[in-house]
Amino acid sequence: MSNSPVQIVLNSDSFIEALENNGGGGSKDFFAGNDIGFVEHRNNIQKQLNEIRSMQLINSYAKVSYAKVSLKQAALAKSHRPTSQIFKRDVAPVIGGGDLGELFVELTPESVEKINKKFEQAETETRYKEKNGKNEPNPSRLRSEIGAIEEIVMYSSSDKRNFSVKEAVRWLSNPQTGGSYLVELFEAPPPRQDWDLLSKYKFELFNSFFDGLANLGRGIFVSRITTGQGASVVFGVKLENNDSAPVIQFYSSSNAGKSGERKSIDLNLERHNQLLEYLGNHPLVKKVTLPPVISQSLTTKSKVKGEDFAIPAPEDNGSYPKLCIVDGGVSDVFGNWVIERWGLISSPDKDENHGTFIAGLAIFGQQLNGQAICREIDGCKIIDLDILPRRDSYSLYYSKPLEFFNELETAVQELKERTGVRIFNFSLNIDEHASTTGYSVPAQILDKIAEENDVVFVISAGNTHPRDIRKEWPSDHFDALTILASSRNDSIKKPAESCRNISVSALNPPHLEGIVPYALSNYSCRGPGLRVGLKPDFAHIGGAGTIDPVLGHGLLSLDPKSKIIDGCGTSYAAPNVAKTLASIDHFIEGFVSRETLIALGIHHAMLPESLNDKNLRNITKHLVGFGIPNDSERILNGSPHAITLVFANRVIRGHKMSFKFSWPSSLVRDGKCFGHAKLTIVSTPSFDYRFGSEFVRINIDAALRQMHNDGTYKGRLNAIYTPEDGDGSSYEKDQIEHSFKWSPVKVYEKTFSRGVGPSTEWKLNVEYLSRDGVTLPIEGVPFTAILTISDPNNEKPVFNDMRQMLQSYGVQAVDIKTAARIVPRV
């Protein structure tokens with residue numbers, strides 16, 4: 001074992017300093033030199049506003065309504081947002097968003113009049129000022145904001161749902177749905193006793209909505225589903241088959257288990273049509289969706305190999321990582337390897353095949369499959385969170401929308417307290433693909449559970465429907481691109497878009513004839529998942545979709561009777577990643593932050609050879625994310641030819657972290673710096689799901705910069721997967737696509753094969769940028785930044801060089817595995 005362990009910097013507080021406020025860009029004239037075009041544009045926007053006002057005046061529910069403001073692509077950056085002159089908080093506040101550059105604003109007839117009058121104050125001729133000997137446009141802020149707007153339209157019923165009444169009734173007839181529509185509102189109603197504080201328009205808005213629901217007649221049941229700062233405002237609305245008076249609950253309730261009266265759903269088409277028409281017409285309603293059905297990721301039927309597997313007991317004094325399996329149950333054949341069970345599901349209602357296969361991989365994966373497939377050493381203590389009953393028993397346990405997740409939240413909290421488990425394998429999906437413009441309620445709930453309980457869910461990316469399985473990955477990259485281009489219905493499934501957690505796609509095993517090793521399995525769902533960041537985050541061996549006549553799917557585990565079986569699915573790729581994260585947590589003494597656990601896994605992930613090709617660069621990131629994580633021993637113990645530094649701290653308002661250091665002397669020749677540098681940062685910024693694609697409200701970024709002769713510093717790393725023509729575009733959309741802007745996870749790297757100069761002085765900066773109108777919380781934003789400097793030739797003593805330099809600079813760095821003895825945050 002190498003004596004070059006990952007080093008955590010203990011005194012990172014010493015490198016916190018004031019953040020220079022350089023401000024955003026100046027006001028931009030989007031119609032510079034085109035004054036006729038500006039006047040036409042202004043008049044058109046005013047016309048659109050007047051059309052909205054006309055519709056407000058005849059609306060029978062309320063005069064307040066919501067509009068979609070689309071921005072020009074060149075106006076997506078914070079500095080161009082039309083919120084200081086036009087959509088001001090006290091006139092027409094921005095209350096949410098949709099796709100990138102799409103704002104939702106609250107309007108009244110009076111605010112529309114104010115905005116239109118304001119528009120008349122904008123100059124109609126281009127203004128210029130001299131700068132560096134040139135005349136440059138110098139517009140007023142008002143003219144700039146008007147020019148930034150592409151169009152303004154009323155949010156209409158066509159924006160609210162994408163299913164027919166017949167489709168809805170058919171879906172809701174499945175008892176697993178709970179029978180409720182999920183109705184998202186633009187704004188949350190305050191407690192009923194505080195409605196006297198509302199403005200006239202807001203009172204009309206909320207009162208007409210709930211009165212309208214009550215007037216739909218018998219059997220209406222309305223319950224609040226989501227709560228909390230930044231959460232989407234979602235109510236469940238159900239038509240029950242009874243004569244009870246309408247019930248409206250303003251607050252969510254959490255209870256599950258086999259109890260309570262199960263009321264049947266009214267499946268009358270006319271009543272559903274009446275309800276959906278009402279929801280589509282009321283201005284408070286933002287979205288109506290069908291409730292999710294949670295299920296085990298589809299896997300192929302396993303083939304029994306016919307061999308009994310003798311399960312050894314854990315060593316009496318053995319120490320093992322802990323992993324919680326969220327599933328339908330784990331067989332008791334594992335004996336003392338299972339240290340805790342939730343115990344919700346009765347034996348007749350359990351299907352333990354899926355959970356047992358996952359547990360077998362976590363406990364005995366290396367013995368069954370070898371180190372090329374299962375990289376972690378065998379042995380793992382299992383916590384069985386049996387929460388998903390058989391399909392035909394589902395309604396015995398859950399009758400309300402998303403009640404499954406209420407039970408999950410309670411179980412995670414209690415099981416963590418009882419066992420200390422931090423990593424939860426979640427090989428369950430919803431049979432619905434994630435959207436690049438939306439964020440599902442189940443993903444929001446998993447985010448909340450993970451953050452509040454300081455745990456990580458490792459989620460399967462999902463498997464395609466059998467009819468959508470792709471051809472096997474070919475050895476020719478052009479053929480591979482052709483297959484991907486023609487594939488359909490294979491984007492990741494909900495809730496794998498969860499940004500507080502990890503999702504995993506599946507790869508082929510390395511030893512099957514005619515199957516490209518470590519290529520994307522033909523059944524595995526893939527990204528993109530969201531506008532920001534990468535989903536899936538990782539990939540791992542999940543078995544081949546094509547069956548080998550001798551080796552089957554090429555991935556072995558156990559069935560509930562301890563027989564060796566084969567199988568495939570993203571469900572079975574997830575536990576290998578979960579085991580690595582659990583092992584990292586286990587081998588580091590004391591408390592390890594979520595940010596550090598995730599960052600260590602991502603920082604040391606590698607792309608499989610079959611996908612590491614420049615011709616696949618723009619595609620690979622959506623297939624495997626950051627790659628396959630290395631095993632925990634290699635992650636934590638490093639190499640003498642490299643050093644890995646970990647900085648675990650918080651970004652606080654008005655400050656940045658700036659760590660200055662000298663490049664390792666063994667990698668310096670003729671004044672130039674050689675070697676390879678990789679930088680990963682994982683943060684937990686605030687989320688506000690009401691803002692659609694822009695739900696990440698604070699951007700935490702890191703940069704590695706080299707000093708120049710004039711004392712300034714220049715960034716030297718590129719975001720991984722940066723196109724070969726560079727990432728120099730200033731457009732917000734391109735920075736999001738190629739440079740991880742607004743992503744909570746970022747990775748940068750560069751190999752300096754020809755050396756870079758002119759100085760050996762460098763600094764690592766961690767900085768932040770907040771969205772328009774957003775400030776950093778007082779407690780700051782937690783982050784972990786990891787920097788590795790290495791010799792690609794594995795020759796130079798980089799570790800010892802850097803250790804000596806750090807000591808001379810007064811930097812306190814120790815082995816991360818024992819750092820918790822000294823510092824409270826790792």
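(A) Structural context of the overall build of the chain. In terms of regular secondary structure, the chain is built from 17 helices and 38 strands. Relative to the compact-globule value of 28 Å for 826 residues, the chain shows a C-alpha radius of gyration of 28 Å, a close match. The proportion of buried residues among the 826 residues of the chain is 58%. The long-range share in the chain, meaning contacts at least 24 apart out of those at least 6 apart in sequence, stands at 81%. Here the chain displays about 33,300 Å² of accessible surface, and carbon together with sulfur accounts for 46% of that area. Across the chain, the mean location of the 93 positive side-chain charges is 3 Å away from that of the 99 negative side-chain charges.

(B) The arrangement of the packing of aromatic side chains in detail. Taken as a whole, this structure holds 36 aromatic pairs when the rule is applied. Consider the rings of Tyr397 and Tyr398, whose centres lie 6.5 Å apart with planes at 45 degrees: the pair is tilted. Across the pair, Tyr398 and Tyr397 agree in class, each one buried. Between Tyr439 and Phe695, the aromatic rings sit 4.8 Å apart at their centres with planes inclined by 55 degrees, giving tilted as the arrangement. In this pair, Tyr439 is assigned in the loop between strand E20 (428-430) and helix H10 (441-453) and Phe695 in the loop between strand E31 (672-683) and strand E32 (698-707), connecting sequence segments 256 residues apart. Taken as a pair, Tyr439 and Phe695 share a single burial class, namely buried.

(C) Representation of the sheet that holds strand E11 (residues 233-239). Here five strands make up an open sheet; going across it, the order is E12-E10-E11-E9-E13 and the pairing mixed. Bordering the open sheet on either side are strand E12 (247-249) and strand E13 (285-289), each of which pairs with just one other strand. When the angles between neighbouring strand axes are averaged without regard to direction, this sheet yields 20 degrees. Sheet topology note: the strand E9 (residues 180-185)/E13 ladder contains four bridges and is antiparallel. Residue pairing in the sheet places Leu182 in a bridge with Thr289 of E13.

(D) Here's a closer look at the nonpolar core. Counting residues in each nonpolar core, the largest one holds 123 residues, and the members touching the most others are Trp473, Phe659, Phe661, Trp663 and Leu704. Sequence-distant contacts of Leu704, defined by excluding residues within four places in its chain, comprise Phe661, Trp663, Ala677, Leu679, Lys714, Gly715, Arg716, Leu717, Trp762, Lys763, Leu764 and Leu787.

(E) Expanded view of the side chain of Arg716. Considering the arrangement of structural elements, one finds Arg716 in the loop between strand E33 (713-715) and strand E34 (718-719). No salt bridge is formed by the buried Arg716; its nearest oppositely charged neighbour, Asp710, is found at 10 Å. Engagement of the side chain of Arg716 in a polar contact is seen with the backbone oxygen of Gly757, the distance being 2.8 Å.

(F) Focus on the sheet that holds strand E36 (residues 761-770). Pairing is antiparallel across the open sheet formed by five strands, whose spatial order is E2-E29-E36-E32-E33. The open sheet is flanked by strand E2 (16-18) and E33, the only strands paired with a single partner. The average angle at which neighbouring strand axes cross in this sheet is 40 degrees, direction not considered. Here strand E29 (residues 655-662) pairs with E36 via six bridges, running antiparallel. Paired with Ser658 across the two strands is Asn765, which belongs to E36.

(G) Spatial organisation of the environment of Glu451. If you trace the backbone, Glu451 turns up in helix H10. When the C-alpha atoms of Glu451 and Arg500 are compared, they prove to be 7.2 Å apart, with 49 residues separating the residues in sequence. Reaching out from Glu451, the side chain makes a polar contact with the side chain of Arg500 at a distance of 3.1 Å.

(H) A look at the environment of Ile383. By the secondary structure assignment, Ile383 is in strand E18 (residues 381-386). C-alpha of Ile383 to C-alpha of Val330: the two residues are 53 residues apart in sequence and 8.9 Å apart in space. When neighbours within four sequence positions are excluded, Ile383 is seen to be in contact with Lys322, Leu323, Cys324, Ile325, Ile339, Glu340, Leu415, Thr419 and Val421.

(I) Main features of the environment of Asn649. With respect to the secondary-structure elements, Asn649 resides in strand E28 (residues 642-651). Under the relative-accessibility criterion, Asn649 is labelled buried at 12%. Note: C-alpha distance between Asn649 and Lys114 (535 residues apart in sequence) is 46 Å. Engagement of the side chain of Asn649 in a polar contact is seen with the side chain of Asp13, the distance being 2.8 Å.

(J) Representation of helix H7 (residues 353-369) in the model. With 17 residues, H7 ought to run about 24 Å at 1.5 Å a step, yet its terminal C-alpha atoms sit only 19 Å apart, falling short of that. At Ile363, H7 shows its largest bend, some 75 degrees. Taking burial as the measure, the 17 residues of H7 include 14 buried ones, the bulk of the element.

(K) Structural detail: the pairing of strand E22 (residues 502-507). Across the six residues that make up E22, a large majority, six, are buried. The alternating pattern of E22 places Ile502, Val504 and Ala506 on one face and Ser503, Ser505 and Leu507 on the opposite face, and all of these are buried. Pairing geometry for strand E21 (residues 456-460) and E22, over three bridges, is parallel. Bridge pairing links Val458 to Ile502 in E22. Pairing analysis gives four bridges linking E22 to strand E23 (residues 538-541), with the strands arranged parallel. Bridge pairing in E23 places Val504 opposite Phe538.

(L) Geometry of the pattern of salt bridges. For the structure shown, the criterion picks out 34 salt bridges. For Lys68, the salt bridge is made with Asp159, and the minimal N-O distance between the two is 3.0 Å. Pair noted here: Lys68 is in strand E3 (residues 65-71) and Asp159 is in the loop between strand E8 (149-154) and helix H4 (165-172), with a separation of 91 residues, a long-range link. Residue Lys68 is classed as buried on the basis of its relative accessible area of 15%. The salt bridge involving Arg422 is made with Asp454; its shortest N-O contact spans 3.1 Å. One end of the pair, Arg422, is in the loop between helix H9 (403-419) and strand E19 (423-426); the other, Asp454, is in the loop between H10 and E21, with 32 residues separating them in the sequence. Using a relative accessible area of 6% as the deciding quantity, one classes Arg422 as buried. When salt bridges that share partners are traced, they join Arg218, Asp243, Asp266 and Arg271 into one network.

(M) Representation of helix H13 (residues 594-603) within the structure. Burial runs high along H13: 10 of the 10 residues are buried. Those residues of H13 not exposed but buried are Arg594, Glu595, Thr596, Leu597, Ile598, Ala599, Leu600, Gly601, Ile602 and His603.

(N) Just the packing of helix H1 (residues 35-57) against helix H2 (residues 109-119), in detail. Running from N to C, H1 and H2 cross one another at 165 degrees; their axes reach a closest spacing of 9 Å. Taken together, the axes of H1 and H2 lie roughly antiparallel to each other. The handedness of the crossing between H1 and H2 comes out as left-handed. Contact residues: H1 offers Arg42, Ile45, Gln46, Leu49, Asn50, Arg53, Gln56 and Leu57, while H2 offers Pro109, Val112, Glu113, Ile115, Asn116 and Phe119. When its residues are assigned to classes, the contact of H1 with H2 shows seven nonpolar, four polar and three charged.

(O) Fine view of unusual backbone geometry. Note the cis peptide between Lys494 and Pro495, where omega equals 5 degrees. Among the secondary structure elements, Pro495 is positioned in the loop between helix H11 (477-486) and E22. For the bond from Gly757 to Pro758, the omega torsion is 15 degrees, close enough to zero to count as cis. With respect to the helices, strands and loops of the structure, Pro758 is situated in the loop between strand E35 (745-756) and E36. One non-glycine residue, Asn132, adopts positive backbone phi at about 55 degrees. With respect to the helices and strands, Asn132 occurs in the loop between strand E6 (128-131) and strand E7 (134-137).

Parameters and conventions
Residues numbered from 1 in each chain as written. Predicted model: local features only at pLDDT ≥ 70, side-chain atom pairs only at ≥ 80, totals over all residues. Heavy atoms only, no water. Helix = DSSP H or I, 4+ residues; strand = E, 2+ residues; numbered from the N terminus. Rg over C-alpha atoms; globule rule 2.2 N^0.38 Å. Buried < 20%, exposed > 50% of the residue type's maximum accessible area, 1.4 Å probe, protein only. Contact = heavy atoms within 4.5 Å. Areas by Shrake-Rupley, 256 points an atom, 1.4 Å probe, with all protein chains shown as cover. Lys, Arg positive; Asp, Glu negative; His and termini not counted. Charge placed at Lys NZ, Arg CZ, Asp CG, Glu CD. Phe/Tyr/Trp six-rings, centres within 6.5 Å; stacked < 30°, edge-to-face > 60°. Pairing = 2+ DSSP bridges. Axes fitted to C-alpha atoms, helices over the stretch in contact; angles between N-to-C directions. Core = buried A, V, L, I, M, F, W, Y, C linked by side-chain atoms within 4.5 Å. Salt bridge = Lys/Arg side-chain N within 4 Å of Asp/Glu carboxyl O. Polar contact = N/O pair within 3.5 Å; in protein donor to acceptor, adjacent residues only side chain to side chain. Expected span 1.5 Å × (residues − 1). Bend = angle between axes of the 7 residues up to and from the residue. Parallel < 35°, antiparallel > 145°, perpendicular 65-115°, else oblique. Left-handed = near helix turned anticlockwise from the far one by under 90°. Nonpolar A, V, L, I, M, F, W, Y, C, P; charged D, E, K, R; others polar.

By themselves, these figures tell us nothing about what the structure is for.
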